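Residues per chain are reported as follows:
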Amino acid sequence: MREHDLFERYESAFDGADDTMRRKGKRTNRIADDAGPTRRGRMTEEEKLRVSRLREDQLSTADTPEDGDRWSTWGDADQGPKPHPDWLITELAAVDRELGIVKTGKEADVFLLERAIGDRSTLLAAKRYRSNDHRMFHRDAGYLEGRRMKKSRETRAIANRTAFGRNLIAEQWAVAEFAALSRLWQIGAAVPYPVQRSGTELLLEFIGDADGTAAPRLAQARPDEDELLDLWRQLVATLMTLAEAGITHGDLSAYNLMVHEGRLIMIDLPQVVDLVANPRGPEFLDRDVRNICGWFASRGLPHEIGDPSALVTTLLDVAGMS
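What you are looking at is a predicted structure, and each value in this text was computed from that prediction instead of being measured.

Explain the sheet that holds strand E5 (residues 120-129) here, please?
Neighbouring strands of a sheet are bound in pairs by backbone hydrogen bonds; such pairs are parallel or else antiparallel. Taken in spatial order, the seven strands line up as E1-E3-E4-E5-E7-E6-E2 in an open sheet, and their pairing is antiparallel. What marks the edges here is a single partner per strand, and that holds for strand E1 (70-71) and strand E2 (78-79). Strand direction decides the pairing type here: strand E6 (residues 194-198) and strand E7 (residues 201-205), joined by four bridges, are antiparallel. For proline 194, the partnering residue across the bridge sits in E7 and is leucine 204.

Sorry, what's going on with the nonpolar core here?
Across soluble globular proteins, nonpolar side chains have a tendency to be buried as a group. Counting residues in hydrophobic clusters, the biggest one holds 44 residues, and the most contacted among them are Leu218, Leu235 and Phe296. Contributing elements (two or more residues each) for this core: helix H6 (163-186), E7, helix H7 (225-244), strand E9 (257-260), strand E10 (263-266), helix H8 (281-298) and helix H9 (308-318). With eight residues, the top contributor of residues to this core is H7. When near neighbours in sequence (up to four residues on either side) are disregarded, leucine 218 contacts Leu231, Ala254, Leu257, Met258, Val259, Leu264, Ile292, Trp295 and Phe296. Residues Trp74, Leu124, Ala126 and Leu203 belong to the second largest nonpolar core, which totals nine residues.

What exactly am I supposed to notice about the packing of aromatic side chains here?
The relation between two aromatic rings is expressed through the spacing of the ring centres and the mutual angle of the planes. According to the stated counting rule, one finds four aromatic pairs in the structure shown. On the numbers, 5.0 Å between centres and 70 degrees between planes, the contact of tryptophan 185 with tyrosine 193 is edge-to-face. Relative to phenylalanine 296, the ring of tryptophan 232 has its centre 5.3 Å away and its plane inclined at 70 degrees; by these criteria the two rings are edge-to-face. Highlighted residues: tryptophan 232 in helix H7 and phenylalanine 296 in helix H8, separated in sequence by 64 residues. Here tryptophan 232 matches phenylalanine 296 in class, with each residue buried. Clustering of aromatic rings is evident, with ring pairs tying together Trp87, Trp185 and Tyr193. One residue, arginine 128, lies across the ring of phenylalanine 111, its end atom 4.8 Å from the ring centre.

Whenever I open this one, the side chain of threonine 73 confuses me. Can you help?
Considering the arrangement of structural elements, one finds threonine 73 in the loop between E1 and E2. A distance of 2.7 Å separates a polar atom in the side chain of threonine 73 from a polar atom in the side chain of glutamine 196. When neighbours within four sequence positions are excluded, threonine 73 is seen to be in contact with Asp96, Arg115 and Gln196.

Scoring rules and cut-offs
- Residues numbered from 1 in each chain as written.
- Predicted model: local features only at pLDDT ≥ 70, side-chain atom pairs only at ≥ 80, totals over all residues.
- Heavy atoms only, no water.
- Pairing = 2+ DSSP bridges.
- Helix = DSSP H or I, 4+ residues; strand = E, 2+ residues; numbered from the N terminus.
- Core = buried A, V, L, I, M, F, W, Y, C linked by side-chain atoms within 4.5 Å.
- Buried < 20%, exposed > 50% of the residue type's maximum accessible area, 1.4 Å probe, protein only.
- Contact = heavy atoms within 4.5 Å.
- Phe/Tyr/Trp six-rings, centres within 6.5 Å; stacked < 30°, edge-to-face > 60°.
- Lys NZ or Arg CZ within 6 Å of the ring centre and 35° of its normal.
- Polar contact = N/O pair within 3.5 Å; in protein donor to acceptor, adjacent residues only side chain to side chain.

Remember that the coordinates give geometry; whether it matters functionally is a separate question.
This is the structure in structure tokens:
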């Protein structure tokens, strides 16, 4: 029952009270005088508290499905690009159920989520940025260069790192990652499909097995010579796709790449850097390339194949910045 329904029911008990009083005349007035003041539909603080608690209890029961943790948030979120994958569940009557945590991090935690309706279900990765009490965006100043806020108050809050400003930064991370993933998915980059964004929560395609086991990071891989070369070629293709879009990962390492069934997939793009708008764009690109080339070199990739300087030059040329 909604709160205003309770108020209406309460006040309806007094409907017609004035007419009754007038019909009874003086005798009624004497009784009223003896009885003291009567209520005119105004609720006491105790009654308001009771109504509020009743409303919270009823909403809590109504908003929680019996077989899950919440109803699907698809209808209230920014939705992923079309055409939607066949495995995606978009029905608003679907139920979300948390199955555990996949990964913890300084800026965000990733949970395993199952979205189901009827006999259909799909696994999703729910990436949730931490509250501002725990958030540690210690490198955000350089990443945020080139991103403009519409309101000067917001710009000042971010510059001063107020609580409001830190919340805005978190929102920017989520918005930036969702936008980057959406854009990269549409142009064919090897990234998880971005299902939706609601506030600072991202729901992403789960990269892993049907039993909920997440795919390993590249850092955990021990590829043989042929596998290493194949992974390198996939990496270069992905970096070229990013460069064509005018961006670089911004924090690329072997921990931000996953290997699933031989396929290399790039993840964790909240700090994606615009190569043109950010004056330090080429610097971030150079660092990305040297970090990942170092890992491949440590696994035995010949320098003439994985030369970081040559790759940086190629990527800048692809981005139209040579």
